[in-house]
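An overview of the molecular structure
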Amino acid sequence: MLNRFIGLSAAIVGRSSRSSGLTSSSLFKAGNQNQNRTMSTGKAFKVLVTHPEVPQEGIDLLKQNCEVIQVQSVPINRAELLEKIRGVDGVLWGGHEALNAEALDAAGPQLKSISTMSAGIDYVDVPEVKRRKIPLGHTPTVLNNAVADLAVGLIIAASRRFNEGRKKIENDQWENYHLNWLLGQDIRDSTVGFFGFGGIGQAIAKRLSGFDIGKVLYTTRRRVSKEIEEEFNAKKVDFDTLLADSDFIVIASPLTKDTEYVFNATAFNKMKETAVLINIARGKIVKQHDLYLALKSNRIFAAGLDVTDPEPMLHTDRLLALDNVVILPHIGSATKRTRADMSTIAAHNVLRGLAGEPMLSPAY
């Protein structure tokens, strides 16, 4: 997947697939249009990387033609970030801190390129960035495989009662002399519903095809192509049908004003009692108190969550006391390869924005 992005860059500028896709001269030419240059380094632009743990692959790419400065605090100290962002030309936004007018004002009017290192950008004030006519990139698609792998893990763990089984062992309640002990739900022949069916949803469906699922339903604003529907035996349905007919529901949509808290008590009451809910998107799509009540009362069978509301989740949260939920600390893209690829794509975005070229992965 990364090679596809870098190959696109190479095709545009005629360079090798491992290059930044930009010549030094093109960056210097763009840089000479501004007066505020980093003359001590002889490099055309100054770029801020807002997190000290951004993989080196992306930083090395930026350093070929830019002076790179980096926020060093973990957790990120907002004051340090706002101080170091002053006067920079580009920003690789490495965490999920608020990217808003405060940060943009601190940077100054010379700021001309920003990329996040994430797929979701709900922490970005997109209208404000747009208003200032600053190109904004992000890194979707490259993380699809890692998130899809984890989603399948949550489907299996939640439906087969992994959390409850582990607690039985810890509490010396190994009761396999019962024939009906810890029976779970089958994935085979099941109907899997997707709330959101973009790249991540389709990657999950591709993996689930190996489990001999029955069919796929999906709810989106726009219908996917006929070819995709045929590949996954998928059918577009309205939200109520998705809730009523799905054995598994996978939330894989962006967080917007239309999707915020759409999974609430009303939605849970329309789901099968044997249904399993999986959320690998954003915590605020689910009204967490309502989910707690639905799980505790066995209104739905189980849930698997990689995202929560809030994040970090409090260690005292009532959901953690339930047997029928598996909760992970938002680690969907947390593999070494994926994070390295994300940093590389983000760096490409920043460099192309600085040179006045279209970003590899624009957010708008």
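Refer to the structure printed above.
Position numbers for residues start from 1 in each chain and track the written sequence from start to end. Owing to the predicted nature of the model, reporting of local features is limited to residues with pLDDT of at least 70; listing and counting of side-chain atom pairs is limited to 80 or more, with chain, interface and lining totals taken over all residues. Only hydrogens and water are set aside; all other atoms, that is, all heavy atoms of the structure, feed into the side-chain values.

1. Quick notes on the sheet that holds strand β3 (residues 90-93)
- Read from one edge of the open sheet, five strands run β2-β1-β3-β4-β5, paired in parallel fashion. Each end of this open sheet is capped by a strand with a single partner; those strands are β2 (66-70) and β5 (136-137).
- Pairing between strands requires that DSSP locate at least two bridges from one strand to the other. Secondary structure elements are defined from DSSP: runs of H or I of at least 4 residues count as helices, runs of E of at least 2 residues count as strands, and each element is numbered from the N terminus. Direction of pairing for strand β4 (residues 113-116) relative to β5: parallel, over a ladder of two bridges. Among the inter-strand pairings, S115 is bridged to a residue of β5, identified as G137.
- Sheet strands in contact with helix α14 (residues 336-354) are β1 (45-49), β2, β3, β4 and β5, and its direction is about 165° off that of β4. Residue contacts follow a heavy-atom distance rule, with two residues in contact if any of their heavy atoms lie within 4.5 Å. Each axis is a line fitted through C-alpha atoms, taken for helices only over the stretch in contact, and angles between the N-to-C directions span 0 to 180 degrees.

2. So, the pairing of strand β9 (residues 248-251)
- A two-sided burial pattern is seen for β9, the buried positions comprising F248 and V250 on one face and I249 and I251 on the other.
- Where strand β6 (residues 191-195) lies against β9, four bridges are found, and the strand directions are parallel. Across the sheet, the residue bridging to G193 is I249, located in β9. Burial status follows relative accessibility: with a 1.4 Å probe on protein chains alone, a residue under 20% of its type maximum counts as buried, one over 50% as exposed, and anything between as partly exposed.

3. Considering the pairing of β3
- Taking every second residue as pointing to the same face, both faces of β3 are buried, with G90 and L92 on one and V91 and W93 on the other.
- Pairing of β1 with β3 involves three bridges; the strand directions are parallel. Opposite L48, over in β3, you have V91 as the bridge partner.
- The pairing of β3 with β4 spans four bridges and is parallel.

4. Considering the sheet that holds β9
- With parallel pairing, the seven strands of this open sheet are ordered in space as β8-β7-β6-β9-β10-β11-β12. Of all the strands in the sheet, just β8 (234-236) and β12 (325-327) have a single pairing partner and so form its edges. Between one strand axis and the next, the sheet turns through 15° on average, direction left out of account.
- Here strand β7 (residues 215-219) runs beside β8; their pairing, made up of three bridges, is parallel.

5. Regarding the environment of Y364
- Tracing the backbone through its elements, the reader meets Y364 in the segment after α14.
- Contacts of Y364, omitting those with residues within four sequence positions, involve V126, V129, K130, I134, P135 and L136.
- Any pair of N or O atoms that falls within 3.5 Å is considered a polar contact. Within protein, one atom must be able to donate a hydrogen and the other to accept it, and sequence-neighbouring residues count only if both atoms are side-chain atoms. A distance of 2.4 Å separates the side chain of Y364 from the backbone oxygen of I134, its partner in a polar contact.

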